[in-house]
Amino acid sequence: IIAKVERKDRVGVCLDTCHAYAAGFDLATKEGFDRLAGQIEEQVGFARVELVHLNDCKSALASHHDVHEHIGKGNIGSAGFKMLLKDPRFSEKAFILETPKDSEGADRRNLAAVKRIFAGRKAG
């Protein structure tokens, strides 16, 4: 897509963590995270990543089913999110929680989980 755009300087991309996991990038492991990071660098470059949709994945690895889960409660888990949140290549990126809204306090709990993971404590 980017190759076909005339004004490439105006194109950014969004990384969705659940989509990546469901596509086969095992973000729960260092090997899988490194593989995704390599693909980002090779295909689009980290400078072009503008946004991260932060969500865990209820579906199985490489299932191609986009079923979002609360942070730390799915198959990516706290360890996977810690790698992403601590990676300096993502330090200046915008993050949006894109987690289930199944209760009144769901967003607050997910944000608290992200903060705990970033601080080095296990999520919820």
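Provided above is the structure to which this section pertains.
Described in the following lines is the structure provided in the data block. If you're wondering where the values come from, they're calculated on a predicted model, not measured in any experiment.

### A word on the overall build of the protein
Okay, so step 1: When its secondary structure is counted, the protein shows 4 helices and 5 strands.
Okay, so step 2: For the protein, the succession of helices and strands along the chain, N to C, is β-α-α-β-β-β-α-β-α.
Okay, so step 3: On C-alpha atoms alone, the protein measures out to a radius of gyration of 14 Å, which is about the 14 Å that the 2.2 N^0.38 rule sets for 124 residues.
Okay, so step 4: Overall size of the protein, expressed as C-alpha extent along the three principal axes, is 45 × 25 × 25 Å.
Okay, so step 5: A burial count over the protein gives 41% of its 124 residues as buried.
Okay, so step 6: For the protein, the share of sequence-separated contacts (at least 6 apart) that also reach a separation of at least 24 residues comes to 65%.

### Some words on the nonpolar core
Okay, so step 1: Ranked by size, the top nonpolar core spans 25 residues in total, and within it L15, L54 and F90 carry the most contacts.
Okay, so step 2: For F90, the residues in contact, after removing those within four places along its chain, are L15, F33, I40, F46, V49, V52, L84 and F95.

### Some remarks on the sheet that holds strand β1 (residues 13-16)
Okay, so step 1: Here we have 3 strands laid out as an open sheet, ordered β1-β2-β5, and parallel in their pairing. Edge positions in the open sheet fall to β1 and β5 (94-97), since each of these has one partner strand only. The mean angle between the axes of side-by-side strands here comes to 25°, regardless of whether they run parallel or antiparallel.
Okay, so step 2: Here strand β2 (residues 49-54) pairs with β5 via 4 bridges, running parallel. Residue H53 lies in a different strand from β5, and its bridge partner there is I96.
Okay, so step 3: Helix α3 (residues 77-86) contacts β1, β2 and β5 of the sheet and is inclined by roughly 155° relative to β2.

Cut-off values and rules
Residues numbered from 1 in each chain as written. Predicted model: local features only at pLDDT ≥ 70, side-chain atom pairs only at ≥ 80, totals over all residues. Heavy atoms only, no water. Helix = DSSP H or I, 4+ residues; strand = E, 2+ residues; numbered from the N terminus. Rg over C-alpha atoms; globule rule 2.2 N^0.38 Å. Buried < 20%, exposed > 50% of the residue type's maximum accessible area, 1.4 Å probe, protein only. Contact = heavy atoms within 4.5 Å. Core = buried A, V, L, I, M, F, W, Y, C linked by side-chain atoms within 4.5 Å. Pairing = 2+ DSSP bridges. Axes fitted to C-alpha atoms, helices over the stretch in contact; angles between N-to-C directions.

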